[in-house]
Amino acid sequence: MSSAFGYFNPTLVADMWNSGKAIVQPREAGRVHFACSAELGRRHFSDLDGLPEFCAAAEAIDNAADPVGLALYTGYRAEPLVEDLPGRAMQLVTVLREFRGSAHLIAVRGYELNAKTAHFMRRPNDMGMFGWSDDDSPEIGDIEREKLAAADRLTDRLVAPAYGAVDDPGQKAILAGLDQMEAALDAAK
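Not measured: the values here are computed from a predicted model.

Calculation notes
- Residues numbered from 1 in each chain as written.
- Predicted model: local features only at pLDDT ≥ 70, side-chain atom pairs only at ≥ 80, totals over all residues.
- Heavy atoms only, no water.
- Core = buried A, V, L, I, M, F, W, Y, C linked by side-chain atoms within 4.5 Å.
- Buried < 20%, exposed > 50% of the residue type's maximum accessible area, 1.4 Å probe, protein only.
- Helix = DSSP H or I, 4+ residues; strand = E, 2+ residues; numbered from the N terminus.
- Contact = heavy atoms within 4.5 Å.
- Polar contact = N/O pair within 3.5 Å; in protein donor to acceptor, adjacent residues only side chain to side chain.
- Salt bridge = Lys/Arg side-chain N within 4 Å of Asp/Glu carboxyl O.

**As for the nonpolar core**
Thinking step 1. Counting residues in each nonpolar core, the largest one holds 28 residues, and the members touching the most others are Phe45, Phe54, Phe99 and Met181.
Thinking step 2. Residue assignment for this core shows that the elements contributing at least two residues are helix 2 (26-45), helix 3 (51-64), helix 4 (71-77), helix 5 (85-110), helix 7 (142-163) and helix 8 (168-187).
Thinking step 3. In terms of residues, this core owes the most to one element, helix 5, which gives seven residues.
Thinking step 4. Discounting residues that sit within four places of it in the chain, Phe99 has contacts with Ala65, Asp66, Leu70, Tyr73, Leu158, Val159, Ala162 and Tyr163.
Thinking step 5. Residues Ala107, Met127, Trp132 and Leu148 belong to the second largest nonpolar core, which totals 14 residues.

Here is the structure:
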């Protein structure tokens with residue numbers, strides 16, 4: 001399981017996986033998480049304009065994405081989307097987030113950078129949440145920064161064909177939708 005959750009400490013992943021599956025089957029837990037994603041959308045996105053266009057463009061990206069080697073993305077992609085637009089929009093955001101995140105893990109490994117180091121470089125304040133202690137903090141130098149920058153460029157190249165599947169109005173719908181969703185979530189804080 002730690003291969004799909006590459007930024008997390010493998011010990012934490014194993015502990016969560018084993019304790020969680022004693023309570024609920026992993027597939028069911030994934031379905032409930034995806035249902036919660038839809039509920040979040042229903043609570044915060046019902047009044048947003050442009051959801052039909054956003055969902056159409058996001059689905060086009062998802063349909064064009066190559067899932068090979070992208071474990072977590074493939075799992076989310078396999079789940080059916082809800083019919084209502086606010087819930088569907090949030091589920092699509094979830095799916096596409098895992099598309100890029102899964103592609104980034106491949107890119108990070110392709111540039112011989114371990115996921116812990118890449119994550120520390122990007123989100124040093126979140127290491128505890130991902131199961132790492134202060135003693136686990138890696139050494140960061142110019143080589144690591146260069147590798148992460150190269151991995152970021154490779155990630156862009158890996159996901160670009162899918163995002164290229166939408167035309168200019170679709171791209172604008174994605175950007176406008178994401179801006180509105182961010183504003184709605186910020187307003188709910």
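So, next bit.
**Points about the environment of Arg42**
Thinking step 1. Relative to the helices and strands, Arg42 is located in helix 2.
Thinking step 2. On the accessibility criterion, Arg42 (31% relative accessible area) is partly exposed.
Thinking step 3. With residues up to four places along the chain from it excluded, the contact list for Arg42 reads Val82, Asp84, Pro86 and Gly87.
Thinking step 4. A polar side-chain atom of Arg42 sits 2.8 Å from a polar atom in the side chain of Asp84.

**Some thoughts on the pattern of salt bridges**
Thinking step 1. In this structure the tally under the stated criterion is 13 salt bridges.
Thinking step 2. The salt bridge partner of Glu39 is Arg43, with a shortest N-O separation of 3.7 Å. Taken together, the positions of Glu39 and Arg43, both in helix 2 and four residues apart, correspond to about one turn of that helix.
Thinking step 3. Arg43 gets classed as exposed once you look at its relative accessible area, which sits at 64%.

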